[in-house]
Amino acid sequence: MSQSEPSIFTRIIDREIPADIVFEDDLFIAFTDIAPKAPIHIVLVPKTSEYADVVQLASGDPELLAQMIARASTIAHQVSDGQFRLVFNTGAGAGQTIFHVHGHIMSGEMTEGSLGR
Ligand code: AMP
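Residues numbered from 1 in each chain as written. Predicted model: local features only at pLDDT ≥ 70, side-chain atom pairs only at ≥ 80, totals over all residues. Heavy atoms only, no water.

## Some points on the site of the ligand
Reasoning step 1: Close to the ligand lie 15 residues; Asp33, Asn89, Gly95, Thr97 and His104 are nearest.
Reasoning step 2: In this structure, Ile98 approaches the ligand through a main-chain N or O atom, which is 3.0 Å from an oxygen atom.
Reasoning step 3: Considered on its own, the ligand offers 500 Å² of accessible surface; in the complex 86% of this is hidden by protein.
Reasoning step 4: Of all the cavities here, the one that holds the ligand is the largest pocket.
Reasoning step 5: Elements with a minimum of two residues in the shell around the ligand: helix H1 (8-13) and strand S2 (28-32).
Reasoning step 6: Looking at side-chain class alone, the shell around the ligand contains seven nonpolar, seven polar and one charged residues. (Near = heavy atom within 4 Å. Polar contact = N/O pair within 3.5 Å; in protein donor to acceptor, adjacent residues only side chain to side chain. Areas by Shrake-Rupley, 256 points an atom, 1.4 Å probe, with all protein chains shown as cover. 1 Å grid on protein atoms, 1.4 Å probe; cavity = no way out; pocket = protein on both sides within 12 Å on 5 of 7 lines; lining within 4 Å. Sits in = over half its atoms within 2 Å of the grid points. Helix = DSSP H or I, 4+ residues; strand = E, 2+ residues; numbered from the N terminus. Nonpolar A, V, L, I, M, F, W, Y, C, P; charged D, E, K, R; others polar.)

Spelled out as C-alpha coordinates, the structure:
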(Lines give C-alpha, C1' and ligand atoms only; values in the text may rest on other atoms or scores of the structure.)
Protein backbone atom coordinates (compact mmCIF):
# COMPACT_ATOMS: atom_id res chain seq x y z
CA MET A 1 0.00 0.00 0.00
CA SER A 2 1.00 3.61 -0.20
CA GLN A 3 3.39 4.50 2.59
CA SER A 4 2.55 8.22 2.41
CA GLU A 5 -0.10 8.31 5.13
CA PRO A 6 -0.66 5.77 7.90
CA SER A 7 -4.08 4.16 7.59
CA ILE A 8 -6.77 4.69 10.21
CA PHE A 9 -6.05 1.14 11.33
CA THR A 10 -2.33 1.84 11.79
CA ARG A 11 -3.33 4.86 13.86
CA ILE A 12 -5.55 2.62 16.02
CA ILE A 13 -2.66 0.14 16.41
CA ASP A 14 -0.41 3.05 17.44
CA ARG A 15 -3.10 4.28 19.89
CA GLU A 16 -3.40 7.60 18.06
CA ILE A 17 -7.15 6.96 17.58
CA PRO A 18 -9.31 5.33 20.26
CA ALA A 19 -11.12 2.09 19.54
CA ASP A 20 -13.01 -0.59 21.45
CA ILE A 21 -10.24 -3.18 21.23
CA VAL A 22 -11.44 -6.74 21.83
CA PHE A 23 -8.28 -8.67 20.91
CA GLU A 24 -4.61 -7.94 20.35
CA ASP A 25 -1.44 -9.96 19.98
CA ASP A 26 1.89 -9.52 18.21
CA LEU A 27 0.38 -9.89 14.74
CA PHE A 28 -3.21 -8.63 14.92
CA ILE A 29 -5.57 -6.16 16.47
CA ALA A 30 -9.37 -6.43 16.52
CA PHE A 31 -11.92 -3.81 17.54
CA THR A 32 -15.62 -3.06 17.29
CA ASP A 33 -16.63 -1.56 13.95
CA ILE A 34 -17.67 2.05 14.39
CA ALA A 35 -20.65 1.54 12.03
CA PRO A 36 -21.80 -2.04 12.75
CA LYS A 37 -23.66 -3.97 10.03
CA ALA A 38 -24.44 -6.95 12.27
CA PRO A 39 -25.29 -7.44 15.96
CA ILE A 40 -21.62 -8.21 16.54
CA HIS A 41 -19.26 -6.61 14.05
CA ILE A 42 -15.53 -6.72 14.72
CA VAL A 43 -12.75 -5.52 12.41
CA LEU A 44 -9.71 -7.81 12.43
CA VAL A 45 -6.51 -6.19 11.17
CA PRO A 46 -3.01 -7.58 10.68
CA LYS A 47 -0.59 -5.10 12.21
CA THR A 48 1.54 -5.01 9.08
CA SER A 49 0.49 -2.31 6.64
CA GLU A 50 2.25 -4.11 3.78
CA TYR A 51 -0.92 -5.55 2.22
CA ALA A 52 -3.77 -3.40 0.94
CA ASP A 53 -6.27 -6.22 0.58
CA VAL A 54 -6.79 -9.94 1.10
CA VAL A 55 -5.62 -10.85 -2.42
CA GLN A 56 -2.25 -9.18 -1.75
CA LEU A 57 -2.08 -10.87 1.65
CA ALA A 58 -2.90 -14.30 0.22
CA SER A 59 -0.12 -14.10 -2.34
CA GLY A 60 2.40 -12.25 -0.15
CA ASP A 61 1.98 -14.08 3.16
CA PRO A 62 -0.46 -17.00 3.04
CA GLU A 63 0.61 -18.12 6.51
CA LEU A 64 -0.48 -14.76 7.94
CA LEU A 65 -3.85 -15.14 6.19
CA ALA A 66 -4.25 -18.61 7.74
CA GLN A 67 -3.39 -17.14 11.14
CA MET A 68 -5.92 -14.37 10.54
CA ILE A 69 -8.69 -16.91 9.99
CA ALA A 70 -7.68 -18.75 13.16
CA ARG A 71 -7.80 -15.46 15.09
CA ALA A 72 -11.25 -14.72 13.68
CA SER A 73 -12.46 -18.02 15.13
CA THR A 74 -10.85 -17.28 18.49
CA ILE A 75 -12.51 -13.86 18.59
CA ALA A 76 -15.91 -15.23 17.50
CA HIS A 77 -15.76 -17.66 20.42
CA GLN A 78 -14.76 -14.79 22.71
CA VAL A 79 -17.55 -12.40 21.71
CA SER A 80 -20.26 -14.76 20.48
CA ASP A 81 -21.04 -18.46 20.03
CA GLY A 82 -18.12 -19.12 17.67
CA GLN A 83 -20.15 -18.94 14.45
CA PHE A 84 -19.31 -16.05 12.20
CA ARG A 85 -19.02 -14.52 8.75
CA LEU A 86 -15.62 -13.27 7.67
CA VAL A 87 -15.94 -10.63 4.93
CA PHE A 88 -13.12 -9.06 2.97
CA ASN A 89 -14.24 -6.13 0.87
CA THR A 90 -11.72 -6.04 -1.95
CA GLY A 91 -11.58 -2.91 -4.08
CA ALA A 92 -13.40 0.40 -3.82
CA GLY A 93 -16.16 -0.85 -6.11
CA ALA A 94 -16.84 -3.65 -3.62
CA GLY A 95 -17.08 -1.23 -0.71
CA GLN A 96 -13.49 -1.22 0.51
CA THR A 97 -12.69 2.15 2.06
CA ILE A 98 -9.50 1.41 4.01
CA PHE A 99 -6.63 -0.07 2.05
CA HIS A 100 -4.93 -1.86 4.91
CA VAL A 101 -6.09 -5.46 4.76
CA HIS A 102 -8.82 -6.30 7.26
CA GLY A 103 -11.63 -8.77 7.73
CA HIS A 104 -15.10 -8.06 9.04
CA ILE A 105 -16.10 -10.64 11.66
CA MET A 106 -19.89 -10.62 11.80
CA SER A 107 -21.86 -12.64 14.26
CA GLY A 108 -25.24 -12.75 15.91
CA GLU A 109 -28.58 -12.92 14.17
CA MET A 110 -28.45 -11.18 10.79
CA THR A 111 -31.31 -8.82 10.02
CA GLU A 112 -32.98 -8.04 6.71
CA GLY A 113 -30.69 -5.76 4.73
CA SER A 114 -27.50 -6.84 6.41
CA LEU A 115 -24.67 -8.20 4.33
CA GLY A 116 -25.60 -11.25 2.30
CA ARG A 117 -29.35 -11.14 2.90
P1 AMP B 1 -14.06 -1.47 4.47
O2 AMP B 1 -15.24 -0.62 4.03
O3 AMP B 1 -14.18 -2.92 4.13
O4 AMP B 1 -12.74 -0.86 4.03
O5 AMP B 1 -14.12 -1.46 6.04
C6 AMP B 1 -13.69 -0.41 6.82
C7 AMP B 1 -14.48 -0.50 8.10
O8 AMP B 1 -13.81 0.23 9.09
C9 AMP B 1 -15.90 0.07 7.99
O10 AMP B 1 -16.85 -0.94 8.34
C11 AMP B 1 -15.90 1.23 9.00
O12 AMP B 1 -17.12 1.36 9.68
C13 AMP B 1 -14.76 0.82 9.92
N14 AMP B 1 -14.11 1.94 10.59
C15 AMP B 1 -13.64 3.08 10.03
N16 AMP B 1 -13.08 3.87 10.96
C17 AMP B 1 -13.19 3.20 12.14
C18 AMP B 1 -12.80 3.50 13.47
N19 AMP B 1 -12.16 4.65 13.78
N20 AMP B 1 -13.07 2.60 14.43
C21 AMP B 1 -13.71 1.45 14.13
N22 AMP B 1 -14.10 1.10 12.88
C23 AMP B 1 -13.84 1.97 11.90
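So, next bit.
## Points about unusual backbone geometry
Reasoning step 1: Positioned with a positive phi, Arg15 is a non-glycine residue whose angle comes to about 65 degrees.
Reasoning step 2: Within the secondary structure, Arg15 sits in the loop between H1 and strand S1 (21-24).
Reasoning step 3: Among the residues examined, Arg15 registers a relative accessible area of 48% and is labelled partly exposed. (Buried < 20%, exposed > 50% of the residue type's maximum accessible area, 1.4 Å probe, protein only.)

## Things to note about the pairing of strand S3 (residues 40-46)
Reasoning step 1: Counting buried positions along S3 gives six out of seven residues, so the element sits mostly inside the fold.
Reasoning step 2: Bridging between S2 and S3 involves five bridges; their strand directions are antiparallel. The residue bridging Thr32 from the neighbouring strand is Ile42, located in S3.
Reasoning step 3: As judged from the five bridges shared by S3 and strand S5 (residues 103-107), these two strands associate in the antiparallel manner. Along S5, the bridge assignment pairs Ile42 with Ile105. (Pairing = 2+ DSSP bridges.)

## Some remarks on the nonpolar core
Reasoning step 1: Core analysis: the largest hydrophobic core is formed by 15 residues, its most contacted members being Phe28, Ala30, Leu44, Leu57, Met68, Ile75 and Ile105.
Reasoning step 2: Of all the elements in the fold, those that place two or more residues in this core are S2, S3, helix H2 (54-60) and helix H3 (62-79).
Reasoning step 3: If one sorts the elements of this core by residue count, H3 sits on top with five residues.
Reasoning step 4: Residue contacts for Met68: discarding those within four places in its chain leaves Phe28, Leu44, Pro46, Leu57, Phe88, His102 and Gly103.
Reasoning step 5: One finds Phe9, Ile12, Ile29 and Val43 within the second-largest nonpolar core, a separate group that totals eight residues. (Core = buried A, V, L, I, M, F, W, Y, C linked by side-chain atoms within 4.5 Å. Contact = heavy atoms within 4.5 Å.)

## Structural notes on the pairing of S5
Reasoning step 1: When you tally the buried positions in S5, you get five out of five residues, the bulk of the element.
Reasoning step 2: Here S5 shows two buried faces, one formed by Gly103, Ile105 and Ser107 and the other by His104 and Met106.
Reasoning step 3: Pairing between strand S4 (residues 85-87) and S5: three bridges, direction antiparallel. Bridge assignment links Val87 to a residue of S5, and that residue is His104.

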